[in-house]
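# Architecture at a glance
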Amino acid sequence: MKVRSFPIFIVCLLMAGLASTASSAGVVWRSHPDAQAMIVAGVVLFMLAAVAGLLAVTVLRSNCRDAAKRLVDQIADGAVERIPVKQSEIRPLANAINDLVDYSNQKVADANLRFKELEIQLKVAHAERQHAEAIIKSISDAVLVTDRFDELVLANESAAKALQFKTEQPRRTPVDQVLSDAKVVDLIREMRQSGSINGRRVVEHTTAVSGVDRTYKVTLSCVADEARSAESNEPAGVVCVLHDMTREKEIAQMKNDFVSHVSHELRTPLASIRAYVEMLVDGEATDEKTRRDFYEIIQSESNRLGRLIDNILSISRIESGLVKVNKQPISLSVVMKDAIEVIAPQAKTKNISIEERVPPAFYQTLADRDMLYQALLNLMSNSVKYTPEGGRLIIETVVDESAKKVVAKITDNGVGIPAKDLPMLFGKFFRVESNNKMASGTGLGLSLVKHIVEGVHQGRVFVTSEEGKGSTFGFELPLV
Amino acid sequence: MSQRTILVADDESHILNVVSLKLRNAGFKVLTANNGQEAYDIATAEHPDLLITDFHMPQLSGIELCKKLKESAATAGIPAIMLTARGYNLEPGDTEQSGINQLISKPFSPRQLLTAVNDVLGIAA
């Protein structure tokens, strides 16, 4: 029953009581006159009691309404207080409500505490996430993190570059919509489906990046889901790391090729030495002239072996940065004159003339004198070797003050070099096949020049040539 | 028995000379070539009893030379010994397909080479 209909109910009760009493009183009224006064008094008393009762109910109702309103207001304000217990009529109800208030207040306090704890945990988790993201983004390897639905959660710039997608993808985009590399998508999916929480899978994968093949070591591992791992093996996601091995593989291949070349180049003179020594031991050289020829071949092949080893070691030391470089301001002209003095007797045996165009040693360059001397000697020696008898060499230095550089040039009128061979000329162990017969060589001399000029002195080597007409070799170095 | 003819092909003149001398001293007739193409031309013209070839040569490598000789019925039967400083770079199939009977690594012993020549030609030592 609603509280509002309560007074009507009381009035109806009183009317019914009054009607019933009046009916009984009518019988007594007529039969007993003395009782008339008593009946009137009784009716009056009853009416007074009814009014009093009605007043009491109204007050009680008002108190309850006030208490309820206060409670509602307090709940709305978030701070519920106990109801003051004054009226004895509502004490049990008030006590019950107060118990409920106490209980609710305790629960609210607990909830507030838990909320604050969660708030702190969220902040810590957020900070940790930012930290992890910063680490992942700073890694040079490509890193992709996906969730249990194969959606991309996190990816760094390296991943975007390697797999050619934009990092501004909306979070949790399906990975197959982000990556065009189907192989990587399959690897991530397979890893997640395997559910191998503690396992790792490493796969080598080659893909074209901007039209160039690059090889990656792809390492995949599952992220354990602490909340779910108890009941299922399903991982929370997959971490995919792609390490670019292209350069490492190239270096490994270069090392392999270098060792293979070195081995071949060392075996060739060694083969001559061993064969001729055995022939001498076995007495196969029957006359003194043949024996002398054999001795000379053994000597020249031993020298060739020595030069090969020296050149290989020099290049290797320069490449690895182990060589001690002693740079000081020197004149290229002075070093050039020193080298000409050494090469002139060799040129004379072939009746090759040398025209010197070396200006006074005024300009200086910062260089290692011995290395520069070696580079110049190699270039001059090559020109003498590949220039026929009676040829001509022009050796010159040119200073370009505006470009702040000095240029060394050796021009010959020798056999020249086919155009197709020019790009490979400064490579290791490269020899011009058509000129092979003209002179012996290690195939390392020009490579050493390039290492000395470009690797050590930040200069530039150059060559121009025309088959049958001659070549110009040289280099330029910055002036001090 | 008539004098056997051996064709030696190598772009390294010292090796060519020492092998030639060893074989001549052993009683063979020796033909020499400085590159693969020259060796092929001599082989097709002279039909030697044996070819001794270097692996790495200008114009035509030792393997290419042997394969080319196998293509013609007139030269297919010429046995071959290959001298190489790069033996480890050869695939097992290369020597079989090219009909190379023996592979000798540089540096080599002329005595060992002569033994191999006698083996291939079926000459008792």
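The following refers to the structure shown.

Rules behind the numbers
Along every chain, residues carry numbers that run from 1 in the direction the sequence is written. Starting at A for chains and at 1 for ligands, labels are handed out in the order in which the entities are written. Note on the predicted model: pLDDT of at least 70 is required for a residue's local features to be given, and 80 or more for side-chain atom pairs to be given and counted; whole-chain, interface and lining totals, by contrast, use all residues. Hydrogens and waters are ignored; side-chain quantities use all the structure's heavy atoms. Helix and strand definitions follow DSSP, with helices as H or I runs of at least four residues and strands as E runs of at least two, each counted in order from the N terminus. Partly exposed describes any residue whose relative accessible area lies between the buried limit of under 20% and the exposed limit of over 50%, with all areas from a 1.4 Å probe on protein chains only and scaled to the type maximum. By the convention used here, residues are in contact when the closest approach between their heavy atoms is within 4.5 Å. Cavities and pockets are found on a 1 Å grid laid over the protein atoms alone: a cavity is a set of points where a 1.4 Å probe fits but cannot escape, a pocket is an open set with protein on both sides within 12 Å along at least five of seven lines, and a lining residue has an atom within 4 Å of such a point. Grid points are joined across faces, edges and corners, and a volume is the space filled by probe spheres set on the points. For two strands to be treated as a pair, DSSP must find no fewer than two bridges joining them. An axis is simply a line fitted to the C-alpha atoms; with a helix, the fit covers only the stretch in contact. Between two such axes, the angle follows the N-to-C directions and lies from 0 to 180 degrees. What sets the label is the angle itself: under 35 degrees gives roughly parallel, over 145 gives roughly antiparallel, 65 to 115 gives roughly perpendicular, and the rest give oblique. By definition, any crossing whose near helix is turned counterclockwise from its far helix by less than a right angle is left-handed, and any crossing with a clockwise turn is right-handed. Aromatic pairs are defined between Phe, Tyr and Trp rings, using the six-membered ring for Trp, whenever the two ring centres lie within 6.5 Å; interplanar angles under 30 degrees are classed as stacked, those over 60 as edge-to-face, and all others as tilted. Excluding any residue in a salt bridge, patches collect residues exceeding 30% relative accessible area, merging like charges within 9 Å and nonpolar Val, Leu, Ile, Met, Phe, Trp and Tyr side chains within 5 Å. Note on areas: these come from Shrake-Rupley sampling with a 1.4 Å probe, and a residue is covered only by the protein chains present in the view. One side-chain nitrogen of Lys or Arg within 4 Å of one carboxyl oxygen of Asp or Glu is enough to make a salt bridge. An expected span of 1.5 Å times one less than the residue number is assigned to each helix. Within 3.5 Å is the distance limit for a polar contact, defined as a pair of N or O atoms, with the added protein rule that one can donate a hydrogen and the other accept it, and that residues adjacent in sequence qualify only through two side-chain atoms. Here, the term nonpolar core denotes a set of buried Ala, Val, Leu, Ile, Met, Phe, Trp, Tyr and Cys residues that are joined through side-chain atoms within 4.5 Å. Gly is put with the polar residues, along with every residue not named as nonpolar or charged; the nonpolar set is Ala, Val, Leu, Ile, Met, Phe, Trp, Tyr, Cys and Pro, and the charged set is Asp, Glu, Lys and Arg.

### Here's the deal with the overall build of chain B
Within chain B, the regular secondary structure consists of 5 helices and 5 strands. Traced from its N-terminal end to its C-terminal end, chain B shows the element sequence β-α-β-α-β-α-β-α-β-α. Here chain B holds 125 residues, and the buried ones make up 54% of them. In chain B, once contacts between residues fewer than 6 apart in sequence are set aside, the share between residues at least 24 apart is 62%.

### A closer look at empty space enclosed by the protein
In this structure the tally under the stated criterion is 2 cavities of 30 Å³ or more. Space inside the largest cavity adds up to approximately 60 Å³. Together, 13 residues line the largest cavity, and Ser 331, Ser 333, Tyr 363, Val 399 and Val 406 of chain A are the ones closest to its centre. When residues of the lining of the largest cavity are traced back to their parent elements, those giving at least two are helix H9 (332-349) and strand E10 (392-400) of chain A. Empty space within the second largest cavity amounts to approximately 30 Å³. Lining the second largest cavity are Leu 51, Cys 66, Leu 69, Lys 70, Ile 78, Ala 80, Ser 98 and Gly 99 of chain B.

### Topic: the sheet that holds strand E8 (residues 353-357) of chain A
Residue and element names in this part refer to chain A. The strand order E8-E10-E11-E13-E12 describes an open sheet built from 5 strands, whose pairing is mixed. A strand with exactly one partner marks an edge of an open sheet, and here the two such strands are E8 and strand E12 (460-466). With direction set aside, neighbouring strand axes in the sheet form an average angle of 15°. Here E12 pairs with strand E13 (residues 470-478) via 7 bridges, running antiparallel. Its bridge partner lying in E13, Phe 462 is registered against Gly 474. Where helix H10 (residues 369-385) meets the sheet, its contacts fall on E10, strand E11 (405-412) and E13, and the angle it forms with E13 comes to roughly 170°.

### Examining the packing of helix H7 (residues 246-281) of chain A against helix H1 (residues 13-25) of chain B
Look at H7 of chain A against H1 of chain B: their axes get within 10 Å of each other, and the N-to-C directions meet at 30°. With respect to each other, H7 of chain A and H1 of chain B are oriented roughly parallel. Both H7 of chain A and H1 of chain B take part in a crossing whose hand is left-handed. Residue-level inspection shows Ala 271, Ser 272, Ala 275, Tyr 276 and Met 279 of chain A of H7 of chain A in contact with H1 of chain B, the latter providing His 14, Ile 15, Asn 17, Val 18, Leu 21 and Lys 22 of chain B.

### Points about the packing of aromatic side chains
Residue and element names in this part refer to chain A. In total, this model carries 2 aromatic pairs over all chains according to the counting rule given. With a centroid separation of 4.7 Å and an interplanar angle of 80°, the aromatic rings of Tyr 276 and Phe 294 are classed as edge-to-face. Placement of Tyr 276 in helix H7 and of Phe 294 in helix H8 (residues 288-320) is noted, with a sequence separation of 18 residues between them. With respect to burial, Tyr 276 and Phe 294 carry one shared label: buried. Aromatic side chains Phe 426 and Phe 473 sit 6.3 Å apart centroid to centroid with 70° between the ring planes, which places their arrangement in the edge-to-face category. One end of the pair, Phe 426, is in the loop between E11 and helix H11 (445-456); the other, Phe 473, is in strand E13, and 47 residues separate them in sequence.

### Structural notes on the sheet that holds strand E6 (residues 237-244) of chain A
All names here are of chain A. Overall, antiparallel pairing links the 6 strands, which are arranged E3-E2-E1-E6-E5-E4 in an open sheet. Looking along the sheet, the strands with just one partner apiece sit at the ends: strand E3 (173-174) and strand E4 (200-209). As defined by bridge partners, strand E5 (residues 212-223) adjoins E6 across 8 bridges and the pair is classed as antiparallel. From the neighbouring strand, Val 218 faces E6, where its bridge partner is Leu 242. Taken strand by strand, helix H3 (residues 91-138) contacts strand E1 (142-147) and strand E2 (151-155), and its axis lies near 75° from that of E2. Across the face of the sheet, H7 comes into contact with E4, E5 and E6 while running at roughly 125° to E5.

### So, a nonpolar patch on the surface
Among the surface-exposed residues, Val 40, Val 44, Leu 45 and Leu 48 of chain A lie close enough to one another that they form a single nonpolar patch of about 370 Å² accessible area. With respect to the helices, strands and loops of the structure, Val 44 of chain A is situated in helix H2 (residues 35-77).

### Quick notes on unusual backbone geometry
Note that the residue after Lys 106 of chain B, namely Pro 107 of chain B, is joined by a cis bond; omega there is -5°. Its place among the elements puts Pro 107 of chain B in the loop between strand E5 (100-105) and helix H5 (110-121). In this structure, Gln 164 of chain A takes a positive phi of about 55° despite not being glycine. Locating Gln 164 of chain A in the fold gives a position in the loop between helix H4 (157-163) and E3. Looking at Gln 164 of chain A, the relative accessible area reads 44%, which means it is partly exposed. For Asn 351 of chain A, which is not glycine, the phi dihedral falls at a positive 60°.

### Some thoughts on the side chain of Thr 472 of chain A
Residue and element names in this part refer to chain A. Checked against the element boundaries, Thr 472 lands in strand E13. Relative accessible area serves as the criterion here: at 14%, Thr 472 is assigned to the buried category. Residues within four places of Thr 472 in sequence aside, it is in contact with Lys 409, Ile 410, Thr 411, Phe 462, Val 463 and Thr 464.

### So, H10 of chain A
Residue and element names in this part refer to chain A. A rise of 1.5 Å per residue sets the reference length of H10, with its 17 residues, at 24 Å; its end C-alpha atoms lie 24 Å apart and thus fit the reference within 8%. Counting buried residues along H10, 12 of its 17 residues qualify, which places the element largely inside the surrounding structure. Taken residue by residue, H10 has Met 371, Leu 372, Tyr 373, Ala 375, Leu 376, Leu 377, Asn 378, Leu 379, Met 380, Asn 382, Ser 383 and Val 384 as its buried positions. N-capping of H10 is provided by Asp 368, with a side-chain oxygen placed 3.1 Å from the backbone N of Asp 370.

### What about the nonpolar core?
One finds Leu 372, Leu 376, Met 380, Leu 425, Phe 473 and Phe 475 of chain A to be the most contacted residues of the largest nonpolar core, which totals 48 residues. Sorting the residues of this core by element identifies H8, H9, H10, E10, E11, H11, E12 and E13 of chain A as the ones contributing at least two each. Setting aside its immediate chain neighbours within four residues, Leu 372 of chain A contacts Ile 330, Leu 332, Val 335, Ala 367, Ile 452, Phe 475 and Leu 477 of chain A. Core analysis: the second largest hydrophobic core is formed by 30 residues, Ile 298 of chain A together with Ile 104, Ala 116 and Val 117 of chain B among them.

### Overview of the layout of surface pockets
By rolling a water-sized probe across the atoms, one finds the places where empty space is left. Of the pockets and cavities examined, the largest pocket occupies roughly 940 Å³. Along the wall of the largest pocket there are 48 residues; nearest its centre are Asn 378, Asn 382, Leu 444, Gly 445 and Leu 446 of chain A. If one sorts the elements of the lining of the largest pocket by residue count, H10 of chain A sits on top with 10 residues. The residue makeup of the lining of the largest pocket, split by class, is 17 nonpolar, 21 polar and 10 charged. Approximately 750 Å³ is the volume attributed to the second largest pocket. If you list the elements that add at least two residues to the lining of the second largest pocket, you get H7 and H8 of chain A together with H1 of chain B. Tallying contributions element by element places H8 of chain A first for the lining of the second largest pocket, with 6 residues. Across the lining of the second largest pocket, the residue classes tally to 5 nonpolar, 12 polar and 14 charged.

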